[in-house]
Amino acid sequence: MNKDEILQMLTVKDATALYAEADRVRREYVGDAVHLRGLIEFSNACGRDCLYCGIRRSNRSVQRYRMSVDEIFACAKEAKILGFKSLVLQSGESAQYTLDEMCSLLRRIKQEQGLAITLSIGEKTRAEYEALKQAGADRYLLRFETSSEKLFCELKPDSLQQKRMQCLAWLREVGFQVGSGIMVGLPGQTISMIADDILLMQELDLDMVGFGPFIADPTTPLGDAGSASLDLTLRTLAVIRIVMKNVHIPATTAMGTIDPEGRQKALKAGANVLMPNVTPTQYREMYQLYPGKPGLKQAPSDTFDTLVRLVQSIGRTVADDAGHSLKILK
Ligand code: SAH
């Protein structure tokens, strides 16, 4: 699909038919089962200063935490008992854990729990990615955030777009299933940029597309910028599904934050994955990339049940496999 066609879909007057088509493509290519990935936000320590992010380095109002490797392992164990087949380990970006610590944790989770593991821990060296893959991580999420170099520079003053793209190439080379994506509704972002973002996702031939609405956090320099609308978010989602077909696309927490029905609506407009938060309750309040995240006080088991009910309420089923990339079906 070319840029004009993508733009046309993104800006169609009434999006009802667009959502229906995305839902049809989702059913045909990835089926009715929704994959649940347990999300562990294991540290909010971060060395970067991304303008949009609530846990950016210079945000002094954030109390920093770092779960111990044993705590992370215990959390993975609980997720396994709850019924999860796959985990996402996410954190800020910093060298708070040694490579050996991370690798031994991954080996332990793999050997003892047999869970599929996705990492979302930012930019690393190729050698580090290789070691993490060897230790048992299956997938890696690293959003390119925006394809516009100008916007990227403005929003991520201490990162280089070229480096992030290099990281995505390395992740692929060392054998990860790769997920990337954007935030929609970023201050300064145009519809034309979103169309370019979608073309880039296609070019990267991603296994997973993780994206969500930008939500203004009052403790950041972008506190006064308006948050994204659910309408733009769902349009983008639907177009990504129609263009990319057999990728995994989560209905992200941020979608459920801007609208209480956001995740249900997303599942009906192309999404097929949910990422219930299984982070121990005492840490959740400290991991706020943006404000208003639902379920901050919920225990992991409640979160799991809530999302199973959510899936069932829209006539879908919960998948009973690990939900690996549909592009590498073995
Ligand atoms: N630090 C790691 C992973 C954690 S951040 C990394 O940078 O890859 C996970 C994602 O949260 C980011 O990629 C970004 O797209 C999203 N995010 C951060 N701040 C946000 C905000 N204010 N609103 C919506 N999404 C946000």
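Calculation criteria
- Residues numbered from 1 in each chain as written.
- Predicted model: local features only at pLDDT ≥ 70, side-chain atom pairs only at ≥ 80, totals over all residues.
- Heavy atoms only, no water.
- Helix = DSSP H or I, 4+ residues; strand = E, 2+ residues; numbered from the N terminus.
- Expected span 1.5 Å × (residues − 1).
- Buried < 20%, exposed > 50% of the residue type's maximum accessible area, 1.4 Å probe, protein only.
- Axes fitted to C-alpha atoms, helices over the stretch in contact; angles between N-to-C directions.
- Parallel < 35°, antiparallel > 145°, perpendicular 65-115°, else oblique.
- Left-handed = near helix turned anticlockwise from the far one by under 90°.
- Contact = heavy atoms within 4.5 Å.
- Nonpolar A, V, L, I, M, F, W, Y, C, P; charged D, E, K, R; others polar.

A closer look at helix α8 (residues 191–204)
What sets the pattern is the α-helix's 3.6 residues per turn: residues three or four places apart point alike.
Piece 1. For α8, built from 14 residues, the straight-helix expectation of 20 Å at 1.5 Å per residue is met to within 8% by its first-to-last C-alpha distance of 20 Å.
Piece 2. Taken as a whole, α8 has its buried residues at M193, I194, A195, D197, I198, L200 and M201.
Piece 3. Positive phi appears at D205, one or two residues downstream of α8, with a value of about 50°.

A short note on the packing of helix α4 (residues 99–113) against helix α5 (residues 126–134)
Piece 1. One way to put it is that α4 packs onto α5 with a least axis distance of 8 Å and a crossing angle of 25°. Between α4 and α5, the crossing angle belongs to the class labelled roughly parallel. Taken as a pair, α4 and α5 cross one another with a handedness that is right-handed. In this structure, α4 uses L99, M102, C103 and L106 to contact α5, whose residues at the interface are E128, A131 and L132.
Piece 2. In the contact of α4 with α5, the residues fall into six nonpolar, no polar and one charged.

Remarks on the environment of N59
Piece 1. Relative to the helices and strands, N59 is located in the loop between β1 (33–43) and α3 (69–82).
Piece 2. With ten residues separating them along the chain, N59 and D49 place their C-alpha atoms 8.5 Å apart.

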